[in-house]
Number of protein chains: 2
Amino acid sequence: MIEYSRQPHYLVAVDCIVFGFDGEHLKILLVKRGLEPEINKWSLMGGFVGANESPDDAANRVLKKMTGLEGVYLEQMQIYGEPDRDPIERTLSVGYFSLIDIHKYEAQLNDDYEAEWFLINDRPKLIFDHNQMVADARKKLRYKAALHPILFEMLPKKFTIPQLHILFEEVNDTKIDTRNFSRKITSTGLLIKLAEKDRTGSKKGAFYFKLDKKKYHANSQAFLNLMPNLKV
Amino acid sequence: MIEYSRQPHYLVAVDCIVFGFDGEHLKILLVKRGLEPEINKWSLMGGFVGANESPDDAANRVLKKMTGLEGVYLEQMQIYGEPDRDPIERTLSVGYFSLIDIHKYEAQLNDDYEAEWFLINDRPKLIFDHNQMVADARKKLRYKAALHPILFEMLPKKFTIPQLHILFEEVNDTKIDTRNFSRKITSTGLLIKLAEKDRTGSKKGAFYFKLDKKKYHANSQAFLNLMPNLKV
DNA sequence: TTATTAATTGTCGTTTTGACAATTAATAAT
DNA sequence: ATTATTAATTGTCAAAACGACAATTAATAA
């Protein structure tokens, strides 16, 4: 009969794929690894799951420590558990992907943890299976963003439709008709138009919008169709 | 500095939510637990992740052992890792949900493992957080089935549209217009009409269909809209 | 031959979609 | 001051998808 005592025990870690948007391009936040093996190589931000915390707790803790941010969008992706994925000792890692407003990120932490933002399409090779994690996260981000209004999480409180438009194009790596896009986005009923305009980058200026938080949280589970000609 | 050696180690398990369809109702397969604690209580089928296997491997092994089936639909759901979820020792469990053709299930295994099929809406209380796992799996099944043609996995090779119709209604716990349903299902182009008819249960008989495997695998990632008036 | 039953095919107005064009509000140039 | 320029915004329209609803068909039983 199977008993607990005879079973092998493993290390359990979390790794976070942190996405941000600088107004032009999709970026991810990487850190220089601080322990052996592969010390000083680029990796995702991660850590071991402590004795008194759940994996979700651990991911939030790591994120807080390395970005200064709390209560950000964080979603469990999948577990990575090939027996030999860590050469030192068997470690299973729970992958999370996170969407943050890049401007809220506390830049002084760059120094503390040797963190750095990279263009998603121009990033260094990462340790272990972290490259696969990034690829999976990107795919999942695309999938979710096509159905649910999550990309707002990467924009400041006040944003314009052109900003949102560029972000959608970045995430999906495709061109989207501006006219149809703004109609579709406004028809969700999730945006509240503000009186103020953003004048940087255009003569006419683009109206700021903010999220209707109430409707956003009420409808965060609803299926939308935010991408034209959608084929995954 | 954080080192591997100082970190706590945990047991890692898998638990499978196995869905089946008997032609009328959605069912799940449960087993009587064979080890302490909570021995002889109903639980999901699960097991510890062995030293030389990934969690996916472990889930497949458990499923093979307890149902006799290989190569069935199996999808990672999420990890369950609250520190106190197992009273004996900290154990993290990866939840999987699986869709099988209930008729392929090898019934003699009922005796070997004290397994039993239960109506999804009339099941016993389960141990630990397994009740939550079932609730999560049900939600995820609904979500995925609304977008991707996965419910075929619970039907035999030859099936009729009325059978599929009942299954969709069961999964979504709602009535669906038969006329619109069959139009929508056939318009996916995934079904091949056979010459043979199923004569049980109706005078006219319903044509058998089979899945166009080629298109099915090519389009398994595509977004469909298989549920009318969809609001999650 | 007719009644019955469930499967199947059909109708049609409404809504959504997406390709494409025109207008507008500002600033910069003349 | 007038005009050119630029990007944001609003508009048009045909095709497709959607969903409420009805009629027909293929079999068996009466």
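Here the structure is a predicted model, which means the values were calculated and not measured.

Q: Quick rundown of the interface of chain A and chain B? Include the residues and the values.
A: Each side of the interface is counted separately: chain A has 46 residues, and chain B has 46 residues. Summed over both partners, the interface of chain A with chain B buries about 3900 Å², with 64% contributed by carbon and sulfur atoms. For the chain A face of the interface with chain B, the top three residues by lost area are A:Tyr4, A:Tyr10 and A:Phe223, together amounting to 21%. For the pair chain A and chain B, the number of links is 0 salt bridges. One can count 23 residue pairs in polar contact (both at pLDDT 80 or more) joining chain A with chain B.

Q: Give me helix α4 (residues 161–172) of chain B: which residues, what numbers.
A: Residues and elements named next belong to chain B. Look at α4: 16 Å from first C-alpha to last across 12 residues, which is about the 16 Å you get at 1.5 Å a residue. By the criterion of burial, α4 is predominantly enclosed, with 9 of the 12 residues buried. Buried residues of α4: Ile161, Leu164, His165, Leu167, Phe168, Glu169, Glu170, Val171 and Asn172, and no others. Immediately beyond the C-terminal end of α4, within one or two residues, lies Asp173, with a positive phi of roughly 50 degrees.

Q: So what's going on with the sheet that holds strand β10 (residues 206–211) of chain B? Residues and values would help.
A: Residues and elements named next belong to chain B. Taken in spatial order, the 3 strands line up as β8-β10-β9 in an open sheet, and their pairing is antiparallel. Each end of this open sheet is capped by a strand with a single partner; those strands are β8 (159–160) and β9 (191–198). Looking at chain direction, β8 and β10 are connected through 2 bridges and run antiparallel. Along β10, the bridge assignment pairs Phe159 with Phe209.

Q: Kindly report on the sheet that holds strand β9 (residues 191–198) of chain A, identifying the contributing residues and their values.
A: What the 3 strands build is an open sheet, ordered β8-β10-β9 (chain A); its pairing is antiparallel. The strands lining the two open edges of the sheet, one partner per strand, are β8 (159–160) and β9 of chain A.

Q: Before we move on, could you go through the packing of aromatic side chains and cite the residues and values that matter?
A: Per the counting criterion, the structure on display carries 18 aromatic pairs over all chains. Between A:Trp42 and A:Phe118, the ring centres sit 5.0 Å apart and the planes meet at 80 degrees, which makes this aromatic pair edge-to-face. One end of the pair, A:Trp42, is in strand β3 (residues 42–43); the other, A:Phe118, is in strand β7 (residues 115–119), and 76 residues separate them in sequence. Per residue, the accessibility class of A:Trp42 equals that of A:Phe118, and both read buried. Grouped by ring-pair contacts, the aromatic residues A:Phe19, A:Tyr73 and A:Phe97 constitute a single cluster. Over the ring of B:Tyr10 we find B:Arg90; its NZ or CZ atom is 4.5 Å from the centre of that ring.

Q: Lay out the side chain of B:Thr67 in plain terms, naming residues and giving numbers.
A: Its place among the elements puts B:Thr67 in helix α1 (residues 55–67). If we skip the residues at most four places from it in the chain, B:Thr67 touches B:Leu29, B:Met45, B:Tyr105, B:Glu106 and B:Leu109.

Q: Run through the relation of the copies chain A and chain B, naming residues and quoting values.
A: Once chain A has been moved 0.0 Å along the axis and rotated by 180 degrees, it coincides with chain B to within an RMSD of 0.0 Å. Read as a symmetry element, the transformation amounts to a two-fold axis.

Q: Provide a residue-level description of the domain arrangement of chain A, including the pertinent values.
A: Residue and element names in this part refer to chain A. Parsing chain A into structural domains produces domain 1 (10–147) and domain 2 (151–219). The interface is formed by 15 residues belonging to domain 1 together with 13 residues belonging to domain 2. Summed over both sides, the interface between domain 1 and domain 2 buries roughly 1300 Å², with carbon and sulfur atoms accounting for 63% of that surface. The tally of links from domain 1 across to domain 2 stands at 0 salt bridges. Counting across the domain 1 and domain 2 interface gives 4 residue pairs in polar contact (both at pLDDT 80 or more).

Q: Lay out the pattern of salt bridges in plain terms, naming residues and giving numbers.
A: Throughout the structure, instances matching the rule amount to 20 salt bridges over all chains. The partner of A:Glu38 in a salt bridge is A:Lys41, with the nearest N and O atoms 2.7 Å apart. Of the charged contacts, one joins B:Glu75 and B:Lys144 as a salt bridge, the two residues approaching to 3.3 Å between their closest N and O atoms. Of this pair, B:Glu75 sits in strand β5 (residues 73–80) while B:Lys144 sits in helix α3 (residues 130–147), and the two are 69 residues apart along the sequence. No difference in accessibility class separates B:Glu75 from B:Lys144, as the two residues are buried.

Q: Let's hear about a negative patch on the surface: which residues, and what values?
A: Negative charge collects at one region of the surface, where A:Asp56, A:Asp57, B:Glu82 and B:Asp84 lie side by side. In this structure, B:Glu82 sits in the loop between β5 and β6 (91–99).

Thresholds applied
Residues numbered from 1 in each chain as written. Chains lettered and ligands numbered in written order. Predicted model: local features only at pLDDT ≥ 70, side-chain atom pairs only at ≥ 80, totals over all residues. Heavy atoms only, no water. Contact = heavy atoms within 4.5 Å. Buried area = accessible area lost by both parts, 1.4 Å probe. Salt bridge = Lys/Arg side-chain N within 4 Å of Asp/Glu carboxyl O. Polar contact = N/O pair within 3.5 Å; in protein donor to acceptor, adjacent residues only side chain to side chain. Helix = DSSP H or I, 4+ residues; strand = E, 2+ residues; numbered from the N terminus. Expected span 1.5 Å × (residues − 1). Buried < 20%, exposed > 50% of the residue type's maximum accessible area, 1.4 Å probe, protein only. Pairing = 2+ DSSP bridges. Phe/Tyr/Trp six-rings, centres within 6.5 Å; stacked < 30°, edge-to-face > 60°. Lys NZ or Arg CZ within 6 Å of the ring centre and 35° of its normal. Least-squares fit on C-alpha atoms with pLDDT ≥ 70 in both. Domains from an automatic or database assignment. Patch = residues over 30% accessible without salt bridge, like charges linked within 9 Å, V, L, I, M, F, W, Y side chains within 5 Å. Areas by Shrake-Rupley, 256 points an atom, 1.4 Å probe, with all protein chains shown as cover. Lys, Arg positive; Asp, Glu negative; His and termini not counted. Charge placed at Lys NZ, Arg CZ, Asp CG, Glu CD.

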